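These are the residues of each chain, in order.
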Amino acid sequence: MGPKVDQCCCGCPLKTGTIFIAFYHIVISSVVLVVAPILLYNKYTSTEKPRNSTEVNKKQGKEEDKKQKHHEFLDDGIKGVYILVISVFALNMIINILLIIGAKKEKPLFINVWIVVNSVFLMTAIVVFVMNLFMAFLDDEPPLKSIGASALCIVTTSYFIIVVNSFHHKLDHRQVAPRAPPIVFVIDPPPEPDPPPPPYTEDFELLPPPFHAAVELHPPPS
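Only a predicted model underlies this, so the values are computations on that prediction, with no experimental measurement involved.

(A) Spotlight on the overall build of the protein. Within the protein, the regular secondary structure consists of six helices and zero strands. When the helices and strands of the protein are placed in sequence order, the string is α-α-α-α-α-α. Burial statistics for the protein: of 222 residues in total, 20% are counted as buried. Relative to all contacts within the protein whose residues are 6 or more apart in sequence, the contacts with residues 24 or more apart total 75%. Summed over all atoms, the accessible surface of the protein reaches about 17200 Å², with 68% contributed by carbon and sulfur.

Laid out in C-alpha cells, this is it:
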C-alpha cells in the first residue's frame, strides 16, 4: 500500500535507487559511529580542576555540591543519549546491509525489514518535529535548526521509503505473477500393423457353394 514510483529521483531503476539509498545510510551511520564515541570519550576523560575546600565556606560548599550532583545527573543523561545514538546507527547500518543483499539477490523479506525499521524511524522523527513546533510556541527563541533538521529528515525518509516500497512491491508482483503453462508435446503411438490375411482354406469356406463346385472340377495346379 501507499504511493508508488516507477523510478528513482535521477531516472535510475528502482533496484539501483534502492542500493544507492542503502549506501547513503551506511555512509551517514559510519560517520556517526566514528564521531560519537570520540566525543563521548573526550567529554568523560577531560580532567577538571579540583575544588579547594579551604577557600570556601560551608554554605558555598553545599551549593557547589548541589550543582555538582545536578551536573552529574545531566552527564548521565547525555551519556545515555550518546549510547542510544550509537546503538540506533549501528542497527541502521546492519539494516542497510540487509537492504543491499535483498536488492541484489531480490529477497523481499530483507527489503521488508528495512521498510518496517525505517517506518519506526519516520514516526519518531514526526514526534520530534511536533515537539519542536510545540516548544517554538512556548519559547521566545524557537529551535529553528532542530525544526528544519526534523522536517528534512521526514521528507527524505518518506521519499526513501516510497522508493524501496515500490521496489519491494515490484518483486512481490513478479513472484506471485501466474506463470505460463509448460508446453507438453504429445507423441501419438505408432499405428497397429494390419492383421495378416486369413489362410486360403478359411477364404474357401467363406465362398458361396457354386464356387466350391468350380474348384472341385478345376482344382488348382499342384
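(B) Molecular detail of the confidence of the model for the protein. With 66% of its residues at a pLDDT of 70 or more, the protein has an overall mean of 76. Considering only residues more than four positions removed or in separate chains, one finds that residues 47–53, a stretch of pLDDT under 50, has four contacts.

(C) Focus on the environment of asparagine 132. Checked against the element boundaries, asparagine 132 lands in helix α3 (residues 108–138). With a relative accessible area of 12%, asparagine 132 lands in the buried category. Sequence-wise, asparagine 132 and leucine 144 are twelve residues apart; in three dimensions their C-alpha atoms are separated by 8.5 Å. Among the polar contacts made by the side chain of asparagine 132, one reaches the side chain of serine 150 at a distance of 3.3 Å.

(D) A look at the nonpolar core. Formed by 24 residues in total, the largest nonpolar core has its most connected members in Ile21, Leu99, Ile111, Trp114, Ile115, Val164 and Phe167. Every element with two or more residues in this core is listed here: α1 (14–45), α2 (58–105), α3 and α4 (144–176). Residue contacts for isoleucine 111: discarding those within four places in its chain leaves Leu99, Gly102, Ala103, Val164, Phe167, His168 and Leu171.

(E) Highlighting the packing of aromatic side chains. Overall, the coordinates contain one aromatic pair when judged by the stated rule. Consider the rings of tyrosine 24 and phenylalanine 160, whose centres lie 5.7 Å apart with planes at 65°: the pair is edge-to-face. Here the residue tyrosine 24 occupies a position in helix α1, and phenylalanine 160 occupies one in helix α4, the gap between them amounting to 136 residues. Judged by relative accessible area, which is 13%, phenylalanine 160 ranks as buried.

(F) Looking closely at the environment of valine 128. Tracing the backbone through its elements, the reader meets valine 128 in helix α3. Separated by 19 residues in sequence, valine 128 and isoleucine 147 place their C-alpha atoms 8.5 Å apart.

(G) Expanded view of the layout of surface pockets. The volume enclosed by the largest pocket comes to roughly 820 Å³. Lining of the largest pocket is provided by 21 residues; of these, Val88, Phe89, Phe121, Ala125 and Cys153 occupy positions nearest its centre. Elements represented by at least two residues in the lining of the largest pocket include exactly α1, α2, α3 and α4. Among the residues forming the lining of the largest pocket, the class breakdown is 13 nonpolar, eight polar and no charged.

Parameters at a glance
Per-chain numbering applies: the sequence of each chain, read as written, is numbered from 1 onward. Residues qualify for local features only when their pLDDT is at least 70, as the model is predicted, and side-chain atom pairs are given and counted only at 80 or more; totals for whole chains, interfaces and linings, by contrast, use all residues. Note: side-chain values were computed over all heavy atoms of the structure, leaving out hydrogens and water. Elements are defined by DSSP. Helices are runs of H or I of four residues or more, strands are runs of E of two residues or more, and each kind is numbered from the N terminus. Categorising residues by exposure relies on relative accessible area from a 1.4 Å probe, with only protein chains included: less than 20% of the type maximum marks a residue as buried, more than 50% marks it as exposed, and the intermediate range marks it as partly exposed. Whether two residues are in contact is decided by their heavy atoms, any of which lying within 4.5 Å being enough. Where accessible areas are quoted, they stem from the Shrake-Rupley method and a 1.4 Å probe; at the residue level, only the protein chains shown are allowed to cover. Within a predicted model, pLDDT stands for the predictor's per-residue confidence, ranging from 0 to 100. Here a polar contact is taken to be a pair of N or O atoms separated by no more than 3.5 Å, where protein atoms must pair a possible hydrogen donor with a possible acceptor and residues adjacent in sequence count only if both atoms sit in side chains. Take the buried Ala, Val, Leu, Ile, Met, Phe, Trp, Tyr and Cys residues and link them wherever side-chain atoms come within 4.5 Å; each set so joined is a nonpolar core. In this scheme Phe, Tyr and Trp rings, the latter by its six-membered ring, pair at centre separations within 6.5 Å, and the angle between planes marks the pair as stacked below 30 degrees, edge-to-face above 60, and tilted otherwise. Here the term cavity refers to a set of points on a 1 Å grid, laid over the protein atoms alone, in which a 1.4 Å probe fits but cannot get out; the term pocket refers to an open set having protein on both sides within 12 Å along at least five of seven lines, with lining residues being those that place an atom within 4 Å of a point. Grid points are joined across faces, edges and corners, and a volume is the space filled by probe spheres set on the points. Gly is placed with the polar residues, together with every amino acid not listed as nonpolar (Ala, Val, Leu, Ile, Met, Phe, Trp, Tyr, Cys and Pro) or charged (Asp, Glu, Lys and Arg).

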